[in-house]
Amino acid sequence: MVQIHSARADAGAGPCQAVARLPEPRLRPFVSGYSGFRATAGPSRRRLFPLAQTTVIIDFAGPVPLVTGPRATPTVYEDGWRHGVAFGLTPAGVFALLGMPMSELTGVTGPLEDLLGRRARPLVDELGEAPDPAARFAVLDRRLDAWLAPDRTPDALVTRAWWRLQEPAGRLTIEALAGELGASRRYLELGFRRQIGLPPKTVARIARFQRAMYALTRPSATLATAVASGGFADQPHFTREVRAMSGVTPTELFAFLQDVEQRAP
């Protein structure tokens, strides 16, 4: 479940090379994916997209490593990233690595060291010394496997509901999801507020948007395939959601995402 956390925000800023990979299977309940990135034309402003997870961004050539929590609206980060690695943490991953519910990070962007403490600098140094994205992903597999405390877990039902909403299951209503899990809608809404920091309906919207964005990065992508991949009712619905979730039109978003050259590690 590799998610797209950002794209350039300036026209003509130049393409970016990106490499994505899932973590080792034992880490996948906690880590949603890895991404290596390199801008080919220097720094540029970055548009941060809505996410229902927490993202760690380590730029070897830029400012301090950052942690960005879940967010329901887009924002622009002025000092764009140049060369580095990012990884996503699920709600269970935030609990297992940082010992807190993800809701405490909702809408927050802050230094990695504030959350990882003395573990942050050795991680950044080792990643910077690794020769390529595959080696960096191996560092993350090893370090995160050593640091994660899987006995620290959030509410199991809320975690199951969060994962269920990431699946391409069409327009699953929150009422239907609650019934499927044997819980009330009220229980889910309160649990998401405590553990995720976003209501379940918003998490579902973000998941649809993320699926559509991923479809737009594929070589044969079209706006029609993004509408279908995201499970949108029709093109007008897709257009409204893209504007709300990204702050740009579908055509502009398509152009930004197609500037990302996807490569295998």
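As a starting point, this report considers the structure included with it. What you are looking at is a predicted structure, and each value in this text was computed from that prediction instead of being measured.

**Quick notes on helix H7 (residues 185-195)**
Think of an α-helix as turning once every 3.6 residues; residues three or four places apart then point the same way.
Right, so step 1: Listed in full, the buried residues belonging to H7 are Leu188, Gly191, Phe192 and Gln195. Here the buried residues of H7 occupy an arc of 100° about the axis, which is enough to place them on one side. Turned more than 90 degrees off the buried face of H7, the exposed positions are Arg186 and Arg193.
Right, so step 2: Looking at the buried side of H7, the elements it contacts are helix H1 (91-98), helix H5 (156-166), helix H6 (174-181) and helix H8 (200-216).
Right, so step 3: Of the residues trailing H7, Gly197 is marked for its positive phi of about 90°.

**A short note on the side chain of Thr68**
Right, so step 1: Looking at the secondary structure, you find Thr68 in strand S6 (residues 66-68).
Right, so step 2: Given the relative accessible area of 1%, Thr68 is considered buried.
Right, so step 3: A polar contact of 3.3 Å, which involves the side chain of Thr68, links it to the side chain of Arg71.
Right, so step 4: Once residues lying within four places of it in the same chain are set aside, the contact partners of Thr68 are Leu48, Gln53, Thr54, Thr55, Ile57, Val108 and Thr109.

**Focus: the pairing of strand S3 (residues 31-39)**
Right, so step 1: The element S3 is largely enclosed, with a buried count of seven among its nine residues.
Right, so step 2: The pairing of S3 with strand S8 (residues 83-89) spans seven bridges and is classified as antiparallel. Bridge pairing in S8 places Arg38 opposite His83.

**A short note on the pattern of salt bridges**
Right, so step 1: Applying the stated criterion to the full structure yields nine salt bridges.
Right, so step 2: We note a salt bridge from Asp125 to Arg121, for which the minimum N-O separation is 3.2 Å. Taken together, the residues Asp125 and Arg121, both in helix H3 (residues 120-129) and four residues apart, mark about one turn of the helix.
Right, so step 3: We classify Asp125 as partly exposed; its relative accessible area is 35%.
Right, so step 4: Judged by its relative accessible area of 46%, Arg121 is partly exposed.
Right, so step 5: The salt bridge involving Glu241 is made with Arg205; its shortest N-O contact spans 2.8 Å.

**Description of H1**
Right, so step 1: Counting buried positions over the eight residues of H1 gives eight, a clear majority of the element.
Right, so step 2: Taken together, the buried positions of H1 are occupied by Pro91, Ala92, Gly93, Val94, Phe95, Ala96, Leu97 and Leu98.

The rules behind each value
- In this convention, every chain numbers its residues from 1, walking through the sequence in written order.
- Only residues with pLDDT of at least 70 are given local features in this predicted model, and only at 80 or more are side-chain atom pairs given and counted; all residues enter the totals for whole chains, interfaces and linings.
- Side-chain numbers come from the whole structure's heavy atoms, not from hydrogens or water.
- Per-residue accessibility, obtained with a 1.4 Å probe over protein chains only, is compared with the maximum for each type, and a residue is labelled buried under 20%, exposed over 50%, and partly exposed between these values.
- Only runs of H or I of at least four residues qualify as helices and only runs of E of at least two qualify as strands under DSSP, and these elements are numbered from the N terminus.
- The directions from the helix axis to the C-beta atoms form the arc being described.
- Pairs of residues are marked as contacts when any of their non-hydrogen atoms sit within 4.5 Å.
- Polar contact criterion, stated in full: a pair of N or O atoms within 3.5 Å, where within protein one must be able to donate a hydrogen and the other to accept it, and residues adjacent in sequence count only if both atoms are side-chain atoms.
- A pair of strands is treated as paired once DSSP finds two or more bridges between them.
- By definition here, a salt bridge exists when the distance from a side-chain nitrogen of Lys or Arg to a carboxyl oxygen of Asp or Glu is within 4 Å.

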